[in-house]
Amino acid sequence: MEALQPLDVLRVSTVLEDYLDQLAILGCIMPASYEGRPDAGDIVGNEVNSVLQTQKKLELRYEELMSARSEIKGTKWNGSEKIAELRQQIHETAGDLKRSNHVFSGTMKQSPLSPENLKKVQADRQFVADIAAEMLEELQTSGTFNSLLQAVQWEKEKKNDMYNTIIREEDGRKQIKALQKQLQDIKKDKESEVQNRNELIAHLKDQLQELKAKTNMEGKYVRKNTEHQVFQTQKKCHQAEKELEEEVLELEEKLEYWMEKYDKDTDAKQSELNLLKASKASDLARLQELAKQYRECEQVVIEDRIEKEKERQCREQEEQEVKSCIKIQAWWRGTMVRKGIGSYKKPKKGEKGKGKSKGKKAASKKKK
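Observations regarding the overall build of the chain
- Across its full length, the chain carries six helices and zero strands.
- Beginning at the N terminus, the succession of helices and strands in the chain can be written as α-α-α-α-α-α.
- Taken across its 368 residues, the chain has 12% of its residues classed as buried.
- Within the chain, contacts between residues at least 6 apart in sequence are counted, and of these 74% link residues at least 24 apart.
- With the model as given, the accessible surface of the chain reaches about 31700 Å², and the carbon-plus-sulfur share is 56%.

Pasting the structure below:
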């Protein structure tokens, strides 16, 4: 923020100094309480009357808007825009009426004659005086008033927080009412459910008595029937027991026969097993001997292969050397022929005939 001009700073400083002096005087002359003063009732009455008049105006306004909306709905003319506007006004008036009720209830709860309210007034006066003194000091030092703007912003935020708290409290009350209504509905449903359950219990008790009588009759019949079945079963069991005893004797004879047969077969199989073990041992020794012979033969075969490979490599090397020698001899002969070295030397003119005869001799020697 840009600093004020010195003249403006002087004017504002003068006003603030006067304002601080008035606040100081007000703090000195304010009583500790309005209690005992003859005009204390008038002070409270005027404040309550102003709040009541504001509330009555809002109630009349709300009734007028509601009657206007009912009239528009009763007519055939469809004024959707007018109805929307009335709804908005009704919503705003209802909010103002709620806030007015809240202020009225706070006014009735907190009397301005109490020492607590006077202390609040003194605290507010001291807060304003501190802000004014801080602003005066800032003006005199830097020529700005940022402290005042910060204080105003802080108070706005504080007021907004208070309004938000009030709104949250109203929402909480609405939720509590809705939950209470829901609780009453649930209670009614549960009471009706309990009544239905009691009726059902009485009906079931009647059915239980009938079932008990029926069960007693059926029990007697079942008992007699069971005794008869037990007698028949015992008779069958005695007969079956005799048959089983005969079968047990027959099975014991068969068991003795099979035990003797088992002992004989076990001895025979044991002798066969001993023979197989002896055969296995001899076969294992033979196998080890054959494996040793195989390893020896394999070693001999490997050594023979290595020798043959060496001989093959020697033959290939000799053939390569012979080929290389032939190539070197052919190259050397060609070089001797081209350059006329040794027996291939070119003869002179006088020795042409001799040279030819020598050449023929050399050619015959090569053929030989």
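Here the narrative resumes, following the displayed structure.
Structural notes on the packing of aromatic side chains
- Enumeration over the complete set of coordinates arrives at two aromatic pairs.
- Consider the rings of Tyr 257 and Trp 258, whose centres lie 5.4 Å apart with planes at 70°: the pair is edge-to-face.
- For the ring pair Trp 331 and Trp 332, a centre distance of 6.3 Å and an interplane angle of 45° mean the geometry is tilted.
- By relative accessible area, Trp 331 is classed as exposed at 54%.

Some remarks on the confidence of the model for the chain
- When pLDDT is averaged along the chain, the result is 77; 74% of the residues meet or exceed 70.
- When pLDDT is averaged over each helix and strand of the chain, the minimum, 48, is found for helix H6 (residues 352-367) and the maximum, 89, for helix H5 (residues 146-339).
- The low-confidence segment residues 32-36 (pLDDT under 50) makes twelve contacts with residues lying over four places distant or belonging to another chain.
- Here residues 352-356 is a poorly scored stretch, pLDDT under 50, and it has two contacts once near neighbours within four places are set aside; other chains count.

As for the side chain of Thr 335
- Within the fold, Thr 335 resides in helix H5.
- Judged by its relative accessible area of 8%, Thr 335 falls in the buried class.
- A polar contact of 2.8 Å, which involves the side chain of Thr 335, links it to the backbone oxygen of Trp 331.

Re the pattern of salt bridges
- Overall, the coordinates contain ten salt bridges when judged by the stated rule.
- Glu 193 is the partner of Arg 197 in a salt bridge, and the nearest nitrogen-oxygen pair spans 3.1 Å. Taken together, the residues Arg 197 and Glu 193, both in helix H5 and four residues apart, mark about one turn of the helix.
- Among the residues examined, Arg 197 registers a relative accessible area of 48% and is labelled partly exposed.
- Residue Glu 193 is classed as partly exposed on the basis of its relative accessible area, which comes to 32%.
- Residues Arg 312 and Glu 316 are paired through a salt bridge, measuring 2.4 Å at the closest nitrogen-oxygen approach.

How each quantity is defined
- Residues numbered from 1 in each chain as written.
- Predicted model: local features only at pLDDT ≥ 70, side-chain atom pairs only at ≥ 80, totals over all residues.
- Heavy atoms only, no water.
- Helix = DSSP H or I, 4+ residues; strand = E, 2+ residues; numbered from the N terminus.
- Buried < 20%, exposed > 50% of the residue type's maximum accessible area, 1.4 Å probe, protein only.
- Contact = heavy atoms within 4.5 Å.
- Areas by Shrake-Rupley, 256 points an atom, 1.4 Å probe, with all protein chains shown as cover.
- Phe/Tyr/Trp six-rings, centres within 6.5 Å; stacked < 30°, edge-to-face > 60°.
- pLDDT = per-residue confidence, 0-100.
- Polar contact = N/O pair within 3.5 Å; in protein donor to acceptor, adjacent residues only side chain to side chain.
- Salt bridge = Lys/Arg side-chain N within 4 Å of Asp/Glu carboxyl O.

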